[in-house]
Amino acid sequence: MGINIGICETECAKAPCRELKLKVLRVKVPADNLLAQYGEKDEKVSLEDAQKASGDLEALMKRNRINAESDAIYMEKLKKDEDVALLRPLAKSIPTGWVRLDSLNDTQCAEALKAADKDDRVTAWDEVSFDDMNAMCTDCPLSWDKGRGCLGAFGPDNSQLPAIAQKAGCPLTASVPELAKSAKRLTPQDAAALLKEITMLRPALTADSKMAVRRYSGPLDRMEAVAKISIAENCGFYFF
C-alpha cells in the first residue's frame with residue numbers, strides 16, 4: 001500500500017468535473033427503507049427453479065454465457081428467446097435498493113440521500129466515458145500530475161521522507177502518514193506552509209544522502225505542484 005495526494009476538486013469552480021460529481025443520480029438505500037419500493041428491481045429465477053424448468057441448468061447457463069458462479073439466473077442476462085419464454089413465469093422481482101433520485105419528490109430525495117451510505121451513490125461523473133474523463137482531466141487546471149489528473153503518489157507507506165522532514169523541522173510533511181490515515185482536508189493556508197517546508201526539505205535531502213535525493217525529489221515536486229494549485233484555485237487538498 002502507498003500514500004497518495006489529492007486535490008479537493010469539487011471546491012474549485014473551474015474543475016470541469018465539479019458539477020457532474022455533485023449531481024447524484026442514484027443512491028442505494030437499506031432494504032428495510034420504504035423508499036426501496038421506488039427503486040430498481042432484479043428479475044431473477046432461483047437456480048433450483050431454473051434446473052427444474054430447463055432440465056439441464058449447466059447447458060442453459062452455457063448457451064446464455066452466464067457465469068457458472070452466478071447465484072441465480074437474472075432475466076436480463078438471458079440471450080436466448082426460448083429461455084426467456086421458459087423462465088419468465090418463474091421470475092421474481094427483487095428490489096436492489098438502488099433508487100433514481102429523479103423518480104422521487106424533493107422530500108424523498110432528501111430522505112434517500114440521508115439514508116444512503118456516502119459510498120453507495122452514483123453521480124453524473126460515474127456515467128461519463130473513460131475517453132471523456134481523460135479529455136476533461138487533461139485540460140483541467142487542477143490536473144497537476146503531468147496532465148494525468150488531480151490524484152498522484154506521495155510514496156510507499158515506509159517512505160523515509162516524513163522522518164527526514166521531522167529532523168528538518170517540517171511538521172506538516174512529517175505528519176503525512178497520520179494525515180493519510182485520517183484523510184484530513186488541508187487548506188490553502190496549509191499549502192502555503194507546505195511550500196515553505198519544501199524549500200527546507202530540498203537541502204535536507206542533499207544533506208541526508210544521494211539516495212534520499214533520488215527517492216524523494218519526485219514526491220517533493222508533486223507536493224509542490226499540489227500546494228501551488230491549492231493556493232491558486234483556493235481549494236483544499238489531502239493525503240490518503
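Model, not experiment: these values are computed from the prediction.

Undergrad: Even after reading the chapter, I still don't get the overall build of the protein, so can you show me in this structure?
TA: What the protein contains, in helices and strands, is 11 helices and 9 strands. For 240 residues, the compact-globule formula gives about 18 Å, and the C-alpha radius of gyration of the protein, at 25 Å, lies well above that figure. Of all intrachain contacts in the protein linking residues separated by at least 6 positions in sequence, the fraction that spans at least 24 positions is 71%. Summed over all atoms, the accessible surface of the protein reaches about 14,000 Å², with 52% contributed by carbon and sulfur. If the 34 positive side-chain charges of the protein are averaged to one point and the 37 negative ones to another, these points end up 6 Å apart.

Undergrad: Can you walk me through a positive patch on the surface in this structure?
TA: On the surface, a cluster of positive charge is contributed by Arg65, Lys77, Lys79 and Lys80. Note that Lys79 resides in the loop between strand E4 (73–74) and helix H4 (81–87).

Undergrad: Just checking my understanding: could you explain the sheet that holds E4 for this structure?
TA: Hydrogen bonds along the backbone pair up the strands of a sheet, which may run parallel or antiparallel. Strand order in the open sheet formed by 3 strands is E4-E3-E5, with antiparallel pairing between adjacent strands. The open sheet has two edge strands with one neighbour each: E4 and strand E5 (92–95). Sheet topology note: the strand E3 (residues 41–45)/E4 ladder contains 2 bridges and is antiparallel. Within E4, the position partnered with Val45 by the bridge is Ile73.

Undergrad: What exactly am I supposed to notice about the packing of aromatic side chains here?
TA: Remark: the centre distance and the inter-plane angle together describe each pair of aromatic rings, the angle taken between the planes. In total, this model carries 3 aromatic pairs according to the counting rule given. When the centroid spacing of 5.8 Å and the interplanar angle of 85 degrees are considered together, the rings of Phe154 and Phe239 count as edge-to-face. Of this pair, Phe154 sits in strand E8 (residues 151–156) while Phe239 sits in strand E9 (residues 237–239), and the two are 85 residues apart along the sequence. Exposure class is identical for Phe154 and Phe239. Each is buried. Aromatic side chains Tyr238 and Phe240 sit 5.4 Å apart centroid to centroid with 40 degrees between the ring planes, which places their arrangement in the tilted category. On the basis of relative accessible area, Tyr238 is assigned to the partly exposed category, the value being 21%. Here the aromatic cluster, defined as three or more aromatic residues joined through ring pairs, consists of Phe154, Phe237 and Phe239.

Undergrad: Would you mind showing me how to read the pattern of salt bridges here?
TA: Close approach of charged atoms allows side chains of opposite charge to pair. Taken as a whole, this structure holds 11 salt bridges when the rule is applied. A salt bridge links Lys14 to Glu233; the nearest nitrogen and oxygen atoms lie 3.7 Å apart. With Lys14 in the loop between strand E1 (2–7) and helix H1 (18–22) and Glu233 in helix H11 (residues 210–233), this residue pair connects regions lying 219 residues apart in the sequence. Using a relative accessible area of 55% as the deciding quantity, one classes Lys14 as exposed. Of the charged contacts in the structure, one is a salt bridge between Asp83 and Arg63, with a shortest N-O distance of 2.8 Å. On the criterion of sequence distance, the pair formed by Asp83 in helix H4 and Arg63 in helix H3 (residues 57–63) is long-range, its members being 20 residues apart.

Undergrad: How do you make sense of helix H10 (residues 188–208) when you look at a structure like this?
TA: One turn of an α-helix holds 3.6 residues; hence residues three or four places apart share an orientation. Its 21 residues give H10 an end-to-end C-alpha distance of 29 Å, which sits within 8% of 30 Å, the value for a rise of 1.5 Å per residue. At Met200, H10 is deflected by roughly 25 degrees, the largest bend along its length, and proline Pro203 occurs up to four residues later in sequence. Within H10, the full set of buried residues consists of Pro188, Ala191, Leu194, Glu197, Ile198, Leu201, Ala204 and Leu205. Buried-residue contacts for H10 involve helix H7 (161–167), helix H8 (171–174), H11 and E9.

Calculation criteria
- Residues numbered from 1 in each chain as written.
- Predicted model: local features only at pLDDT ≥ 70, side-chain atom pairs only at ≥ 80, totals over all residues.
- Heavy atoms only, no water.
- Helix = DSSP H or I, 4+ residues; strand = E, 2+ residues; numbered from the N terminus.
- Rg over C-alpha atoms; globule rule 2.2 N^0.38 Å.
- Contact = heavy atoms within 4.5 Å.
- Areas by Shrake-Rupley, 256 points an atom, 1.4 Å probe, with all protein chains shown as cover.
- Lys, Arg positive; Asp, Glu negative; His and termini not counted.
- Charge placed at Lys NZ, Arg CZ, Asp CG, Glu CD.
- Patch = residues over 30% accessible without salt bridge, like charges linked within 9 Å, V, L, I, M, F, W, Y side chains within 5 Å.
- Salt bridge = Lys/Arg side-chain N within 4 Å of Asp/Glu carboxyl O.
- Pairing = 2+ DSSP bridges.
- Phe/Tyr/Trp six-rings, centres within 6.5 Å; stacked < 30°, edge-to-face > 60°.
- Buried < 20%, exposed > 50% of the residue type's maximum accessible area, 1.4 Å probe, protein only.
- Expected span 1.5 Å × (residues − 1).
- Bend = angle between axes of the 7 residues up to and from the residue.

Limitation: the analysis is restricted to geometry and does not speak to function.
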